Amino acid sequence: MSQSSPSSQILAWKFVLVGLTAGIMGGGLGVGGGIVLVPLLIYVGLERHRAHATSLAAIIMIATVGAISFAASGEIDLAIGLTIGAGGIVGSVLGANTMNRMSPKALSVVFGFVLLVAGIRMLAGGNPLPGSADLSSVAQTLISLGIGLVGGFFAGLAGIGGGVVNVPAGIFFLGMNQHEAQGTSLIAIVMTAVAGTIANYRNERLVIGEGLTVGAGGAIGSLIGSQLALGASEDTLALILGVLVVFVALRTFYKVARPGQPA
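Presented here is an overview of the structure given in this document.

Considering the overall build of the protein
Move 1: If you tally the helices and strands in the protein, you get ten helices and zero strands.
Move 2: Written out in order from the N terminus, the α and β elements of the protein read α-α-α-α-α-α-α-α-α-α.
Move 3: Relative to the compact-globule value of 18 Å for 263 residues, the protein shows a C-alpha radius of gyration of 17 Å, a close match.
Move 4: In terms of principal-axis extent, the alpha carbons of the protein reach across some 60 × 35 × 35 Å.
Move 5: Burial statistics for the protein: of 263 residues in total, 50% are counted as buried.
Move 6: The long-range fraction of contacts in the protein, counting pairs at least 24 apart against all pairs at least 6 apart in sequence, stands at 84%.
Move 7: As presented, the protein carries roughly 11,300 Å² of accessible surface, and 68% of it is formed by carbon and sulfur atoms.
Move 8: Across the protein, the mean location of the 11 positive side-chain charges is 21 Å away from that of the 9 negative side-chain charges.

Below you can see the structure in the form of structure tokens.
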């Protein structure tokens, strides 16, 4: 039986640590962890397309553990989560196939733009839109499908799980509180990430072993992060998420604009 080389073993440990870090953030903020995973995977040596695909695969495990933790505390609307996830499946496949045709630089710009818009919206705060908590079942279903379609597209495209769209949209358009929006987002993210990962595998952008290794570390981190989140105030969570997302977006734009730096 062949043995792993020291370099591959070191890389495996890096993947576990990357997953652990992203899992704490993803489980704690309901975003799946992709906003942390993609930059860290690129930092440890993956090229951008492979990093996006690996991130989305790992998010399946991260979001599953986080969703279970939120569900145990009653902070999930299962029906809405499944509806957003249904829209997300369609959007994620479209996004993943679009990602496969983009250059690394163009992909970096889109990744940064999605994060910047979402981060600024979270920092702006604000209450749910008037009437959002009293929607008819038909309106709620249509809005949830729309949220899933948009969030899923950017999940497949940017490898971020879709939570940066799902969480604020759940609050503003569906009248959820921060904790419920995060837990419900994680349900949808599982479905979205599975669909996008299948598309990435078919497009030969994913090494399954890498996704599983990152996901294993992420699952542990997600359990820790979700428990921390449930004990934190909603305003604090929104502020942390907004600052983190804007920081990653600006750093992405900086690397794109800086000559000689990989996108």
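Some points on the nonpolar core
Move 1: The biggest cluster of nonpolar side chains holds 42 residues, and the ones touching the most others in it are Ile35, Leu37, Leu41, Leu115, Ile160 and Val164.
Move 2: Looking at this core, the elements with two or more residues in it are helix 1 (6-29), helix 2 (34-43), helix 3 (48-72), helix 5 (104-124), helix 7 (163-174), helix 8 (178-202), helix 9 (208-230) and helix 10 (234-257).
Move 3: Take this core: its biggest share by element is eight residues, from helix 3.
Move 4: Counting eleven residues, the second-largest nonpolar core is a separate cluster that includes Ile80, Ile147, Leu174 and Ala188.

Re helix 7
Move 1: Most of helix 7 is tucked away: eleven of the twelve residues are buried.
Move 2: Of all the positions in helix 7, only Gly163, Val164, Val165, Asn166, Val167, Pro168, Ala169, Gly170, Ile171, Phe172 and Leu174 are classed as buried.
Move 3: Once helix 7 ends, the next one or two residues include Gly175, with phi positive near 70 degrees.

Some points on the side chain of Thr252
Move 1: As for its placement among the helices and strands, Thr252 is situated in helix 10.
Move 2: With relative accessibility at 7%, the residue Thr252 sits in the buried group.
Move 3: The residues touching Thr252, leaving out its near neighbours within four places in the chain, are Arg48, Ser108, Phe111 and Gly112.

Rules used throughout
Residues numbered from 1 in each chain as written. Predicted model: local features only at pLDDT ≥ 70, side-chain atom pairs only at ≥ 80, totals over all residues. Heavy atoms only, no water. Helix = DSSP H or I, 4+ residues; strand = E, 2+ residues; numbered from the N terminus. Rg over C-alpha atoms; globule rule 2.2 N^0.38 Å. Buried < 20%, exposed > 50% of the residue type's maximum accessible area, 1.4 Å probe, protein only. Contact = heavy atoms within 4.5 Å. Areas by Shrake-Rupley, 256 points an atom, 1.4 Å probe, with all protein chains shown as cover. Lys, Arg positive; Asp, Glu negative; His and termini not counted. Charge placed at Lys NZ, Arg CZ, Asp CG, Glu CD. Core = buried A, V, L, I, M, F, W, Y, C linked by side-chain atoms within 4.5 Å.

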